[in-house]
Amino acid sequence: MDVDVVTFSLKGRVTVHTVGSIWAEAAQALARNPDRPIVIDASRLEYIDATGIALIYDLQRGRRPAGAEVEIRGLDPSLAALIPSYDPVELEEPARGGRGLGAIERIGRATLAQLSAAARMLTFLADCGVALLQAIPRRGIIRWGEVLSVAAEAGANAVPIVLLIGFLMGVIIAFEIGLVAQQFGAVIFVVDGVGVAVLRELGALMTAIVFAGRTGAAFAAQIGTQKVNEEVSAIVTFGLDPLRFLVLPRLIAAVLVVPLLTVLADVVGIFGGALVLAGFNIGFVQFYNHLLGAVGIEDFLVGLAKAAIFGLAIAAIGCQRGLATGAGATSVGLSATSAVVTSIVWIVVLDGLFTVLISS
Amino acid sequence: MDGDEATANAPTTPAVSVRDLKIGYGSRVLLEGASFDVWRGEILVILGGSGCGKSSLMKNMIGLYQPMAGDVLIAGESIVRAGSTQRARLQRGLGVMYQAGALFGSLTVLENVRFPLDEFTDIGLEQKNLIARMLLHQVEMADAQSLMPAELSGGMLKRAGIARAMALGAEILMLDEPSAGLDPITAANLDRTILGLRDSLGLTFVVVTHELQSILEIADRAVMLDADARRIIAEGVPSELRDRSGDERVRQFFNRRPDAPAISRGS
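Residues numbered from 1 in each chain as written. Chains lettered and ligands numbered in written order. Predicted model: local features only at pLDDT ≥ 70, side-chain atom pairs only at ≥ 80, totals over all residues. Heavy atoms only, no water.

- The name that an unreviewed UniProt entry assigns to chain B is ATP-binding cassette domain-containing protein, with the source organism given as Thiorhodococcus minor.

- The name an unreviewed UniProt entry assigns to chain A is STAS domain-containing protein, from the organism Thiorhodococcus minor.

Put into structure tokens, the structure is as follows:
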């Protein structure tokens, strides 16, 4: 035998739990002797599992110069039969991605993606509008039972959290403004602040944000799961329209329920404010009388109109994200997240638009 | 009754031993008095009509569900009465493929197969990738290694699931309906893979299936359950069950003849 030959022996059981160190040693032995032939003595090998097979395969396939080959000796024929003989190229990870993108191209692609998402949303809203218009004149098209059950889940069950948040919001605003106004002896005008803020803005806004987190996410997850389970495909192949079947009941329920919740938030918000101002020596009767002069019915109605539009936007976004769900559990989670984030962004944007439109 | 052929070159402890097992959900009993052994290097098939409790039996055997009574021994140790640490150790020695593959949706196929190696071994990343690719190659999934599970067909999910079940070098593999829903060629290849792994590595297989062709091809022994009888109604070599069973239900199953004169209705 050639003196220069390096021998490395594999013995006993080579399994997933022992192969790590053996592999590292063997790789070192190969690397230390780049131009000497290597013999791997496998005659005392008792057992190998799939990882052992991979080890021997890896040692054999190394690209080494002529005269420095790796030879495996004494491998039991039944084990040798397991060593695959396929082309190593098949095992390489396929190249992915191609060339990297430049900054301008990335900005362009991101812009296009946003624009097409907005276009899809608008198309979806238009489709919903068409479906609703078609449904209204014909009896039995809208599934009112479904509308009621969605309204109960999204509305009635949300009452406690809306009450809590509405009340605390009234308390906080009254307290914060009250502390400042006290220094100027203008505590009575805090009533105006609380009234306008709660009725025109915060009642609807906070209710919508709660609704987005609670119900928008639920819509996306429910419809998304139905999409993943191919229930949506089943609806389509029955010749039914998923918009009418799944989306319209949710849209209608949301448009009805968010304003109702907002009324509750308004009432407890103002009550919270009154409670705090009682501490600033403004009694309930005085509060009430001043409030009547400070806010009008139009403030209340503006809040309700906003609430209805927020409800429509949240439900539409939730349903659209649900229907756009890909496949698998992960995409349901992504849809729910995206529904909440997009809803909240749109609530604020719509609120801004509303305020500007009404003021001008 | 099952020891004769297997004891020749197998140790005396069965790889899996099911003792007088009673399983069910709530108060509904699916199966009672089930006893059988799986010997090392054997391919045992659990078969029976839909809804007879095949998959539930397997889930009891791997310690996922607690049986109503009886015991399951893995290499002589009870998985039913084991504490949580000991049960986890016993379960790591089992490779399990679930009906729909049960791949993790957030990982690629390659990462799914590599997952047990990442968790339990100190093998380098390059090497782990090589092992995972070779396992995938074995189930003819090498081309799909960078896809996400959501992008795979049902058969591909199963095959990737088998590759993942083998990753930790488990000597006992439990496969829940591996060839259901696969095309005949892929199913035959899978059968060949199972036979090859048994012959070369001496792995033990417990396969839940009702694919006749596959049963006759791979099974050393079969255990047949029946939904109405709620017990094991036959045990033996599949071809003998088919040709010589005294039980009408067994012959009906193997000959695919639900309309033959029957004691109870066929599957």
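There's plenty left to go through after this.
## Some details on the environment of Gln182(A)
All names here are of chain A.
Here's step 1: For Gln182, the location among the structural elements is in helix H6 (residues 159-183).
Here's step 2: C-alpha of Gln182 to C-alpha of Phe280: the two residues are 98 residues apart in sequence and 8.2 Å apart in space.
Here's step 3: Setting aside anything within four residues of it in sequence, one finds Gln182 in contact with Val187 and Phe280. (Helix = DSSP H or I, 4+ residues; strand = E, 2+ residues; numbered from the N terminus. Contact = heavy atoms within 4.5 Å.)

## Re a nonpolar patch on the surface
All names here are of chain A.
Here's step 1: Together, Val341, Val345, Trp346, Val349 and Leu353 make up an exposed nonpolar region whose accessible area comes to about 440 Å².
Here's step 2: Inspection of the secondary structure puts Val349 in helix H12 (residues 329-359).
Here's step 3: With relative accessibility at 36%, the residue Val349 sits in the partly exposed group. (Patch = residues over 30% accessible without salt bridge, like charges linked within 9 Å, V, L, I, M, F, W, Y side chains within 5 Å. Areas by Shrake-Rupley, 256 points an atom, 1.4 Å probe, with all protein chains shown as cover. Salt bridge = Lys/Arg side-chain N within 4 Å of Asp/Glu carboxyl O. Buried < 20%, exposed > 50% of the residue type's maximum accessible area, 1.4 Å probe, protein only.)

## Details of the domain arrangement of chain A
Here's step 1: Partitioning chain A into structural domains gives domain 1 (6-91) and domain 2 (142-359).
Here's step 2: Domain 1 of chain A and domain 2 of chain A are separated by 66 Å when their C-alpha centres are compared. (Domains from an automatic or database assignment.)

## Points about the UniProt feature "transmembrane region" (unreviewed entry) in chain A
Residues and elements named next belong to chain A.
Here's step 1: UniProt feature "transmembrane region" (unreviewed entry): in the numbering of this structure it lies at residues 147-175, 181-199, 251-280, 300-319 and 331-358.
Here's step 2: Between the C-alpha atoms that bound residues 251-280 there is a distance of 43 Å. The span itself is 97% helix and 0% strand.
Here's step 3: Counted over residues 331-358, helix gives 100% and strand 0%. Its end C-alpha atoms are 39 Å apart. (UniProt positions renumbered as here; feature names shortened; annotations may be inferred.)

## Considerations on the sheet that holds strand E2 (residues 38-48) of chain A
Residues and elements named next belong to chain A.
Here's step 1: Here we have three strands laid out as an open sheet, ordered E1-E2-E3, and parallel in their pairing. Taken across any chain shown, the strands that pair with only one partner, and hence form the sheet edges, are strand E1 (6-14) and strand E3 (70-73). The average angle at which neighbouring strand axes cross in this sheet is 25 degrees, direction not considered.
Here's step 2: With eight bridges joining them, E1 and E2 adopt parallel strand pairing. The partner of Arg13 across the bridge, within E2, is Tyr47.
Here's step 3: Contacts from helix H2 (residues 50-61) reach E1, E2 and E3, with the element oriented near 170 degrees to E2. (Pairing = 2+ DSSP bridges. Axes fitted to C-alpha atoms, helices over the stretch in contact; angles between N-to-C directions.)

## A look at unusual backbone geometry
Comment: phi is negative for the bulk of residues other than glycine, and the bulk of peptide bonds are trans.
Here's step 1: For Asn281(A), which is not glycine, the phi torsion reads 65 degrees and is therefore positive.
Here's step 2: Tracing the sequence through the fold places Asn281(A) in the loop between helix H9 (242-279) and helix H10 (284-294).

## Concerning H6(A)
The periodicity of an α-helix, 3.6 residues per turn, causes residues three or four positions apart to be oriented the same way.
Residue and element names in this part refer to chain A.
Here's step 1: A rise of 1.5 Å per residue sets the reference length of H6, with its 25 residues, at 36 Å; its end C-alpha atoms lie 37 Å apart and thus fit the reference within 8%.
Here's step 2: Here H6 has its buried residues at Val162, Gly166, Met169, Gly170, Ile173, Ala174, Gly178 and Ala181.
Here's step 3: Once H6 ends, the next one or two residues include Gly185, with phi positive near 65 degrees. (Expected span 1.5 Å × (residues − 1).)

## A short note on the UniProt feature "domain: ABC transporter" (unreviewed entry) in chain B
Here's step 1: As annotated by UniProt and renumbered to match this structure, "domain: ABC transporter" (unreviewed entry) occupies residues 16-254 of chain B.
Here's step 2: This span, residues 16-254 of chain B, is 40% helix and 25% strand, and a straight line between its end C-alpha atoms measures 25 Å.

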